[in-house]
Amino acid sequence: MKFFADTADIDDIKELADTGLLDGVTTNPSLIKKSGRDFIEVTKEICAITDGPVSAEVVSTDHEGMMREAEVLRKIADNVAIKVPLTIDGLKTCKALTSDGTMVNVTLCFSANQALLAAKAGASFISPFVGRHDDVGYPGIELIGDIRLIYDNYDFPTEILVASVRNPIHIHDSAKLGADVMTAPPSVIKAMFNHPLTDKGLAAFIKDWEDTGQKIG
Ligand code: E4P
């Protein structure tokens, strides 16, 4: 499973990249607002930190406007993935861009049928939003299993990129269901490292080692 960081915070991205476990980054207009940075500048910086796909989202809602914005965004770096919304215009844009060899992440997916449409439009990634589904009382994770089944039925190459991840359980469940990628806030990725028994066990090993009076090397 590939791990993407869902943030436009450069320090957080660098910290995760240093672990060697980061495969890409996703941003959206809300994350750009949160960063307080210029969209193009911060995207360029992110693309220099990771070789993996960096999603940059268009903000026009019509096909022509999306194509115009995609033209600007794809010039930022070779690893930019253009993020388009799951609308008719968004999928028209997806089809045009992927036919041209540009990576496209189709975002704001809330149903398996929408994911089927995105795959038919040649999407590189489909982003089903798990957490926002949970927020309205639908078990978002069920969507991941449904999309996996449909994509496997037809051998669609579109990668399932689990988005709106809010906790490590979302990641655990998505991995069991065979999602290709997940994108999560850095705090959630870091929480995956934690286990009280790891801390307790390590403290005991260090203490016993000190008691032996030995040194390695
Ligand atoms: C990423 O591609 C999505 O835009 C993001 O995961 C949405 O997350 P949120 O529902 O926590 O805003």
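Just above, that's the structure.
Quick notes on the rules
- Residues numbered from 1 in each chain as written.
- Predicted model: local features only at pLDDT ≥ 70, side-chain atom pairs only at ≥ 80, totals over all residues.
- Heavy atoms only, no water.
- Near = heavy atom within 4 Å.
- Polar contact = N/O pair within 3.5 Å; in protein donor to acceptor, adjacent residues only side chain to side chain.
- Areas by Shrake-Rupley, 256 points an atom, 1.4 Å probe, with all protein chains shown as cover.
- Nonpolar A, V, L, I, M, F, W, Y, C, P; charged D, E, K, R; others polar.
- Buried < 20%, exposed > 50% of the residue type's maximum accessible area, 1.4 Å probe, protein only.
- Helix = DSSP H or I, 4+ residues; strand = E, 2+ residues; numbered from the N terminus.
- Arc of directions from axis to C-beta.
- Contact = heavy atoms within 4.5 Å.
- Phe/Tyr/Trp six-rings, centres within 6.5 Å; stacked < 30°, edge-to-face > 60°.
- Pairing = 2+ DSSP bridges.
- Axes fitted to C-alpha atoms, helices over the stretch in contact; angles between N-to-C directions.

In this section: the site of the ligand. All residues adjacent to the ligand are Asp6, Thr26, Asn28, Lys83, Phe129, Arg132, Ala163, Ser164 and Arg166. Contacts to the ligand include Asp6, whose side-chain N or O atom sits 2.6 Å from an oxygen atom. Arg166 places a side-chain nitrogen or oxygen 3.1 Å from an oxygen atom of the ligand. When the free accessible area of the ligand is taken as 340 Å², the share hidden by the protein chains comes to 85%. Looking at the shell around the ligand residue by residue, the class counts come to 2 nonpolar, 3 polar and 4 charged.

For the rest of this paragraph, the subject is helix H6 (residues 112–120). Three or more residues of H6 are buried, namely Ala112, Ala115, Ala118 and Ala119. Along the axis of H6, the buried positions cluster into a sector of 110°, meaning they face one direction only. In H6, the exposed positions that point more than 90 degrees away from the buried face belong to Asn113 and Lys120. Taken together, the buried residues of H6 touch helix H5 (88–99), strand S5 (104–109), strand S6 (125–128) and helix H8 (141–154). Directly beyond the C-terminal end of H6, a positive phi value near 85° is found at Gly122.

Moving on, we come to the packing of aromatic side chains. Across all of its chains, the model carries 4 aromatic pairs by this definition. Centroid distance Phe4 to Phe125: 5.9 Å. Interplanar angle 70°. Geometry classified as edge-to-face. Of this pair, Phe4 sits in strand S1 (residues 2–6) while Phe125 sits in strand S6, placing them 121 residues apart in sequence. Like Phe4, the residue Phe125 is buried in the burial classification. By way of ring pairs, the aromatic residues Tyr151, Tyr154 and Phe156 are connected into one cluster.

What follows deals with the sheet that holds strand S2 (residues 24–26). Around the barrel, 8 strands lie side by side as S1-S2-S3-S4-S5-S6-S7-S8; this closed barrel has parallel pairing. The average undirected angle you get between the axes of adjacent strands in this sheet is 30°. Relative to S6, S5 is paired through 3 bridges, and the arrangement is parallel. Residue pairing across strands places Cys109 opposite Pro128, the latter belonging to S6. Relative to the sheet, helix H3 (residues 39–49) contacts S2, strand S3 (54–57) and strand S4 (80–85), its axis offset from that of S3 by approximately 170°.

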